[in-house]
Amino acid sequence: MTPRDLFGAALRGLSANKLRSLLTVLGVSIGVGAVIVLVAVGNGSGKAVQTRLEAMGTNLLTVSTTGGGGGFARGQAGPSSQQYALTLDDVSALSDRRLAPDVASVAPVMTSSGTATNGDTSYTINQVIGTTPAYLPATNTPVGTGQSFTQEDVDGAERVIVLGQTTATELFGRAQAAIGQTVKLGAVDFVVRGVLASKDSTGFNDPNATAIVPISTLRATQAGYGALSQIVVQASDKDRVDLAQAEVTQLLTARHQVPATTTSPFRITNSAQILQTSQDTAATFTALLATVAAISLVVGGIGVTNIMLVTVTERTREIGIRKALGARRRTILGQFLIEATLLSLIGGAVGVGAALIVTQFQLAGVTPVLVPSSIALALGVSAAVGLFFGSMPAHRAAGLRPIDALRHE
């Protein structure tokens, strides 16, 4: 028989039992679709985190202390924590280009929380940030509506505030309506200067549920005059981040007289390192999801084996007649292999189509990002599944003796 004849015979064999073929196609399509969708979800999750980190800038350093001096909880401060606590004097030293030539800008950060009210409307802000104007460009946090506060506001401890999108919407209904209005934070009235541009959320915490005020105002009205939570440092260039980090470490170690024999009490987080770590984690997560989804492909392959075994059993007499009429072993083998491969390929095509539809929607809060190679790989694997799992039934059919096949009831 020619390849065309074999193909036609395989199609007739599949159409002889449409329901069985449909169920087999469905099993394979679920496996293929699951692989593509889960890889897309993993890739989308990684892309979202990567975009968020890149938006913050790859030349950003965040300095905090491990000595216990970076928080506001009472009773935590001891001799060592006071010695290693971050202060505004540290900010001034890091801003000196003679001492840290690779540092472009420095912003102190203090954090607090509180309930903001506008008339009868109240909203709990989990993160109220006290800082200077340099914080916004350093962390790539632009103002969407209105304007930011100025250094003069910081020097005068003016009671002005910049709200996040969620905070402004919760208090005023619309972000634009907040500009120039007065909100009460705790027992203190603040005038809204601006509303931050919206940020994409990549986790459970809403980055738009925030508020930013001059650090001098926060210390005077909310957080007190304790140590800084952290210091945000922007390197002069992304290629000089390591040099800036070394300068910050050396300067803080000298200022706080950290003994050479002790572990540094300062934690300096490099945004480029975080980005690389997040990319590695996302790749591992995607591979894990793909592995889990691949199990369903194996299950679909087992289904192909079972269906083809049943088909061989039902068509034993047909095989015997064909062999008695001179059909060769390779002809029988080829027909059943083609049938198994066709089932898997059709199932793969259906799975790809379903995956393309499903990935148009958000899944578990993540926007899937299709990986083209996963589609080709899933189709290739589905064909391999058909060949591999269909080989045993095909060899069984090809190995039947005509006399035994004709006797089969």
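Residues numbered from 1 in each chain as written. Predicted model: local features only at pLDDT ≥ 70, side-chain atom pairs only at ≥ 80, totals over all residues. Heavy atoms only, no water.

- You'll find the protein entered in an unreviewed UniProt entry as FtsX-like permease family protein, with Kribbella antibiotica given as the organism.
- Of the comments in the UniProt record for the protein, the one headed Subcellular location (unreviewed entry) reads "Cell membrane". (UniProt positions renumbered as here; feature names shortened; annotations may be inferred.)

**Thoughts on helix α9 (residues 241-255)**
Line of reasoning, step 1. Spanning 15 residues, α9 covers 21 Å between terminal C-alpha atoms, matching the ideal 21 Å at 1.5 Å per step.
Line of reasoning, step 2. Among the residues of α9, Val241, Ala244, Gln245, Glu247, Val248, Leu251 and Leu252 are the ones counted as buried. Looking straight down α9, one finds that the buried residues subtend no more than 165° of arc, so they occupy a single side. Those residues of α9 that are exposed and aimed more than 90 degrees away from the buried face are Asp242, Gln250 and Ala254.
Line of reasoning, step 3. In the stretch just after α9, Gln257 is the one whose phi turns positive, near 50°. (Helix = DSSP H or I, 4+ residues; strand = E, 2+ residues; numbered from the N terminus. Expected span 1.5 Å × (residues − 1). Buried < 20%, exposed > 50% of the residue type's maximum accessible area, 1.4 Å probe, protein only. Arc of directions from axis to C-beta.)

**Details of the packing of aromatic side chains**
For any pair of aromatic rings, the description rests on two quantities: the centre-to-centre distance and the angle between the ring planes.
Line of reasoning, step 1. A full pass over the atoms with the stated rule returns one aromatic pair.
Line of reasoning, step 2. Consider the rings of Tyr84 and Phe266, whose centres lie 6.4 Å apart with planes at 75°: the pair is edge-to-face. Taken together, the residues span a long stretch of sequence, with Tyr84 in helix α3 (residues 79-84) and Phe266 in strand β10 (residues 266-270) at a distance of 182 residues.
Line of reasoning, step 3. Judged by relative accessible area, Tyr84 falls into the buried class, the value being 13%. (Phe/Tyr/Trp six-rings, centres within 6.5 Å; stacked < 30°, edge-to-face > 60°.)

**Quick word on the nonpolar core**
Line of reasoning, step 1. Val63, Tyr135, Ile161, Leu163, Ile231, Val233 and Val248 are the most contacted members of the largest nonpolar core, which has 59 residues in total.
Line of reasoning, step 2. Counting residues per element, this core draws most heavily on strand β2 (residues 103-118), at six residues.
Line of reasoning, step 3. Ignoring sequence-local partners within four residues, the contact set of Ile231 consists of Leu61, Thr62, Val63, Leu86, Thr87, Asp90, Val91, Leu94, Val106 and Ala107.
Line of reasoning, step 4. In this structure, Val28, Val39, Ala340 and Leu343 belong to the second largest nonpolar core, which totals 20 residues. (Core = buried A, V, L, I, M, F, W, Y, C linked by side-chain atoms within 4.5 Å. Contact = heavy atoms within 4.5 Å.)

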